[in-house]
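The residues making up each chain are set out below.
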Amino acid sequence: MQLQEFLNSAAQQHMVVADSLAFGEFQSFPFTMNPHVRNNEVTSVTALFKVAGTLPNKVFSDLRKNLKPLGSLAYQGTDKSMILFTCAGSDADLWNKLTMGFTQITQCFWANGIGVPQQCPLCHNGGCDSLAFVGGYVPVHASCVQNQAYGAIAQAENNRQTGNYALGILGALLGALVGSIPTVLLMLFLHMISAWLYALIPLGAYYGYKLCKGKMVKGVVIPVVVILSLLMVMVVELTVTYISVGREYKWWMSVGEFLVRYFDAMSFGDIMMDIGMPLLFTALGIFISWDQIRRSNIDIETSADLTLKSLFRKNAGM
Ligand SMILES: [Zn+2]
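The structure presented is a predicted model; accordingly, all values stated were derived computationally and were not measured.

Reading the values: rules and limits
Residues numbered from 1 in each chain as written. Predicted model: local features only at pLDDT ≥ 70, side-chain atom pairs only at ≥ 80, totals over all residues. Core = buried A, V, L, I, M, F, W, Y, C linked by C-beta atoms within 7 Å. Buried ≥ 20, exposed ≤ 12 C-beta atoms within 10 Å, placed from the backbone. Helix = DSSP H or I, 4+ residues; strand = E, 2+ residues; numbered from the N terminus. Contact = placed C-beta atoms within 7 Å. Pairing = 2+ DSSP bridges. Domains from an automatic or database assignment. Axes fitted to C-alpha atoms, helices over the stretch in contact; angles between N-to-C directions. Parallel < 35°, antiparallel > 145°, perpendicular 65-115°, else oblique. Left-handed = near helix turned anticlockwise from the far one by under 90°. Nonpolar A, V, L, I, M, F, W, Y, C, P; charged D, E, K, R; others polar.

A. Structural view of the nonpolar core. Residues Phe 23, Ala 47, Phe 49 and Val 140 are the most contacted members of the largest nonpolar core, which totals 46 residues. The element contributing the most residues to this core is strand E4 (residues 41–50), with five residues. Ignoring sequence-local partners within four residues, the contact set of Phe 49 consists of Phe 29, Phe 31, Ile 83 and Ile 105. Counting 22 residues, the second largest nonpolar core, distinct from the first, contains Tyr 198, Tyr 209, Val 221 and Val 225.

B. Quick look at the pairing of strand E8 (residues 136–140). When you tally the buried positions in E8, you get five out of five residues, the bulk of the element. Across five bridges, strand E7 (residues 130–134) lies against E8 in antiparallel orientation. Bridging across to E8, Ala 132 finds its partner in Val 138. Hairpin connection of E7 to E8: one residue between the antiparallel strands, including Gly 135 at a positive phi of 80 degrees.

C. Layout of the domain arrangement of the protein. By the assigned domains, the protein splits into domain 1 (3–116) and domain 2 (159–302). Taking the mean C-alpha position of each, domain 1 and domain 2 sit 43 Å from one another.

D. Up close: unusual backbone geometry. Positive phi values are uncommon outside glycine, yet Ser 28 reaches one of about 70 degrees. With respect to the helices, strands and loops of the structure, Ser 28 is situated in the loop between strand E2 (21–26) and strand E3 (29–38). Judged by C-beta crowding, with 11 C-beta atoms within 10 Å, Ser 28 ranks as exposed. Unlike most non-glycine residues, Asp 91 shows phi in positive territory, near 50 degrees. By the secondary structure assignment, Asp 91 is in helix H3 (residues 91–111).

E. Structural context of the packing of helix H2 (residues 57–67) against H3. For the pair H2 and H3, interaxial distance at closest approach is 11 Å and the crossing angle is 165 degrees. Accordingly, the angle class assigned to the pair H2 and H3 is roughly antiparallel. Classified by chirality, the crossing of H3 by H2 is right-handed. Contacts between H2 and H3 involve Val 59, Leu 63, Asn 66 and Leu 67 from the former and Gly 101, Gln 104, Ile 105 and Cys 108 from the latter. Considering only residue class, the contact of H2 with H3 consists of five nonpolar, three polar and no charged.

Following this line, the structure appears as structure tokens:
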């Protein structure tokens, strides 16, 4: 079954189709279907149920065992309110497996008092009037989704027109500097290093770039954040060494003299030894914030657009 056939078939079953995802409800439980395509053929589908409450561990593992012949059951990451069901197959066989799996899963939800989230994830109030894809396919207020999505699109458009690279880079530099302060303080006063604090450097650079209205273009934001973070690690190393030497020997030489002596005394290998661990931690910080850092204007618009396309109005007071 090709992707388009799969999506057409989903639409015939009254699901909402947006991009390559399908959204629907089974026994009142909203779900997202994400078909996986190989060589132009849909080979498997992962369905996501976002529910209110969590299944007891024993119930979940029993359910997983029972579903084995149909597919695999898992949580999305560590979030036990996000339940993923993946099954492989082709054509009618795939749809049959999905239906049988959904029947068992939703019966298990009912039997264990697991319900559908009642609060809109955007305003945290009840009385939802629609469904939309916000992390999972969940009850929302149509107005909340529209406000947020159109707001994000307008902001991205505004950034495209008025965003400025120079201001962004300046902001990233200030942000990285602010982000490095906790690391420097911890080293000087407690003689400790913390991986998590190093991770603040790239985050600081990213938010500095964003706050100073830097143009959000992937090819610029990522290198700016990475290069400035690495530079800042070197600055932190130099600052801490300078102050340590000053305190130890009561000798506060000029910064220029210090730099000459430092690079004279240290070989490239020595420097790498000293900043190897911090570099690793900073890389970890970049890795942690990667999803955030790589979001360009286009990504923001694409995801806002998907949310709008997934919006399905129901009667008030769901
Ligand atoms: Zn709302």
